[in-house]
Amino acid sequence: MRVAVIGAGVAGLVAGHRLAQAGHVAEVYERWPGLGGQAATLPVGEGHLLERYYHHLFTSDRHIAALYEELGMPDELEWRPSNVAFFVDGRSWPFNGPLDLLRFGPLSVVSRLRMGLAVLVLQRRHRDVRPFENETAREWVLRAMGRQAWEKVWGPLLQGKFGDRAADISMAWLWSKLTVRRQIKGDEARQELLGYPRGSWETLYERLQQSIESRGGRVLIDRPARRLSHSGGRFVVEPGAPDSFRIGHDPRRFPAAEPPETYDAVIATVPNDIFARLLDDGLAGAVGSEYLGRLQTIEYHTALCLLLELDRRFTPFYWTNIADAALPFVGLIEHTNFIEPERYGGRRFLYVANYLEAGHEMLALDPEQLLDLYEPGLRKVNPAFARSWVRQRWLFREPAAQPIVTLGYRERMPPLQTGVPGLILANTTQIYPEDRGTNYSVRLADQAVGALLKG
Ligand SMILES: Cc1cc2nc3c(=O)[nH]c(=O)nc-3n(C[C@H](O)[C@H](O)[C@H](O)COP(=O)(O)OP(=O)(O)OC[C@H]3O[C@@H](n4cnc5c(N)ncnc54)[C@H](O)[C@@H]3O)c2cc1C
């Protein structure tokens, strides 16, 4: 088969690789002039690459670890101690294990014990998500951990990530964060290990591209799909002109480039709204209103991420969760407290993380305006911080960053099979209950190719 894959993020590249392995020709279309999608890198100078959005792996991320092995790069992944804190009540509290929980001042001793016990019981006794699918995380936290744990820890965290939707988030989402991701055993109970590739995520994309191209496929960057149609059981992909990414995300606004290409099948890895806008009327009709309606029911929040190069260390932690609603960002991820600055010629990088609903006014700010807004908050975390510490800054916005998992999500989730034979949709809204992540995009790509080949 000749198969078009739309999107060269992890899911699209792995799907192309799997198709190539199975003897098919994969042609991957990508809007951005680079590979990796949400996990894409940028050159930060002096030959160094860094992800636009902070990325690491958990030891439970076995699908992506197995892919590194399979591609002959098992030593590419390094596992290093994590170092997490909560910023609450005006200071950062280390939060790396049971001892830190016992010392966690913002909660009463009883609340600390209740919170620890609730997590332990969840991890030991509740291997199935289904009992948690019809309860909100808020209801569960209030019941299992108490009001203080909600007000001081989980409420602000969910508020940061989901804004006004915090109280609606399904316990299935929190269940997966507390159980699936954190299967911490043995030595890790004291200090969690996180993974990061020696050469950034980019080496993985290069290897996947090689695999696709060495078997007769193509990986086409800065070449988006602008329209998908079908006729006589075959699919037509109309590509968009180079530089279309400058126009935004809506494929209907991209100028056409010649020639349209015909394929036996399509695997689309783009977000739901982009997928719907790619379909011409005929194909949209064939997909049908039930499927398209499901796509519309799932909301995304936008990631707004300011990457700063600083001339010195900002905190002692890799990851600081901001559990203080007065600060206008939700996390500080100091990459060079995870990977040593020597890897970057002694330079230091800090991500200031945020998630916002579409159309939020902060999404219109430029890097300087955002830094103006963030500066007082940054100074609350580190009172010595001065603007002169900032050597370089980059700002990224990802509209389809975080699917909002509310009650009854499983019933609304779009299946991989769109109902049109040969047309598959595989994106982050179908990763459930685990929630999006590069590891699960690897698994999703395997499932998408399986669904296509099974027919
Ligand atoms: C702030 C942030 C932090 C994260 N941290 C982590 C982490 O620590 N660890 C981790 O494992 N995961 C993390 N993730 C999640 C991870 O990056 C994603 O789950 C994963 O990369 C999604 O891959 P994907 O291929 O499914 O989708 P995407 O990466 O979204 O790929 C879709 C691709 O389609 C392309 N596209 C869009 N429109 C078109 C078009 N018309 N034609 C052609 N192509 C098009 C896009 O440019 C994109 O490349 C993070 C994500 C964000 C936003």
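How each quantity is defined
Residues numbered from 1 in each chain as written. Predicted model: local features only at pLDDT ≥ 70, side-chain atom pairs only at ≥ 80, totals over all residues. Heavy atoms only, no water. Helix = DSSP H or I, 4+ residues; strand = E, 2+ residues; numbered from the N terminus. Rg over C-alpha atoms; globule rule 2.2 N^0.38 Å. Buried < 20%, exposed > 50% of the residue type's maximum accessible area, 1.4 Å probe, protein only. Areas by Shrake-Rupley, 256 points an atom, 1.4 Å probe, with all protein chains shown as cover. Lys, Arg positive; Asp, Glu negative; His and termini not counted. Charge placed at Lys NZ, Arg CZ, Asp CG, Glu CD. Phe/Tyr/Trp six-rings, centres within 6.5 Å; stacked < 30°, edge-to-face > 60°. Patch = residues over 30% accessible without salt bridge, like charges linked within 9 Å, V, L, I, M, F, W, Y side chains within 5 Å. Salt bridge = Lys/Arg side-chain N within 4 Å of Asp/Glu carboxyl O. Near = heavy atom within 4 Å. Polar contact = N/O pair within 3.5 Å; in protein donor to acceptor, adjacent residues only side chain to side chain. Nonpolar A, V, L, I, M, F, W, Y, C, P; charged D, E, K, R; others polar. Pairing = 2+ DSSP bridges. Axes fitted to C-alpha atoms, helices over the stretch in contact; angles between N-to-C directions. Contact = heavy atoms within 4.5 Å.

**Q** Break down the overall build of the protein chain for me, with residues and values.
**A** Counting its secondary structure elements, the protein chain contains 14 helices and 20 strands. Against the compact-globule benchmark of 23 Å for 455 residues, the protein chain has a radius of gyration of 22 Å, which places it among compact chains. C-alpha atoms of the protein chain, sized along the principal axes, occupy 70 × 50 × 45 Å. Counting only residues that meet the buried cut, the protein chain has 58% of its 455 residues in that class. Entry remark: accessible area of the protein chain is about 18,500 Å², with carbon and sulfur atoms responsible for 51%. Placing the 54 positive and 54 negative side-chain charges of the protein chain at their respective mean positions leaves the two points 4 Å apart.

**Q** Quick rundown of the packing of aromatic side chains? Include the residues and the values.
**A** As enumerated under the stated definition, the model contains 21 aromatic pairs in all. Consider the rings of Trp32 and Phe245, whose centres lie 5.2 Å apart with planes at 65°: the pair is edge-to-face. Here Trp32 is found in the loop between β2 (25-29) and β3 (41-45), whereas its partner Phe245 is found in the loop between β12 (234-239) and β13 (261-263), with 213 residues between them in sequence. The exposure class assigned to Phe245 is buried, which follows from its relative accessible area of 14%. Arranged with centres 6.2 Å apart and planes meeting at 65°, the rings of Tyr53 and Phe396 form a pair that is edge-to-face. One end of the pair, Tyr53, is in the loop between β4 (48-51) and β5 (57-58); the other, Phe396, is in strand β19 (residues 390-403), and 343 residues separate them in sequence.

**Q** Please give an account of a nonpolar patch on the surface that cites residues and values.
**A** A surface patch of nonpolar side chains, amounting to about 400 Å² of accessible area, comprises Leu99, Leu102, Val109 and Leu113. Relative to the elements of secondary structure, Leu113 occurs in helix α4 (residues 109-125).

**Q** I'd like to hear about the site of the ligand, residue by residue, with values.
**A** With respect to spatial proximity, 29 residues lie near the ligand, and among them Glu30, Gln38, His55, His56 and Thr438 are the closest. Here an oxygen atom of the ligand sits 2.9 Å away from a polar atom, N or O, in the main chain of Ala11. For the ligand, a nitrogen atom lies 3.2 Å from a polar atom in the backbone of Arg31. Contact with the protein chains hides 94% of the accessible area of the ligand, taken as 1,000 Å² for the molecule alone. If you list the elements that add at least two residues to the shell around the ligand, you get α1 (10-21) and α14 (438-454). Counted by class, the shell around the ligand contains 14 nonpolar, 12 polar and three charged residues.

**Q** Report on the sheet that holds β5, specifying residues and quantitative values.
**A** Within the open sheet, the three strands sit side by side as β5-β9-β6. Their pairing is antiparallel. In this open sheet, the two strands that pair with only one neighbour each are β5 and β6 (77-81). The sheet contact formed by β6 and strand β9 (residues 193-197) spans five bridges and is antiparallel. Directly across from Leu77, in β9, lies its bridge partner Pro197.

**Q** Please provide a residue-by-residue account of the sheet that holds strand β10 (residues 218-220), values included.
**A** With respect to topology, five strands assemble into an open sheet ordered β10-β2-β1-β14-β20, the strand pairing being parallel. The open sheet terminates on both sides in strands that have one partner only, identified here as β10 and β20 (423-425). Sheet twist, expressed as the average angle between the axes of neighbouring strands with direction ignored, equals 15°. As paired elements, β2 and β10 share three bridges and run parallel to each other. What sits directly across from Val28, in β10, is Val219. On the sheet, helix α8 (residues 202-214) packs against β2 and β10 and is oriented at approximately 130° with respect to β10. Those strands touched by α14 are β1 (2-6), β14 (265-268) and β20, and its axis lies near 160° from that of β14.

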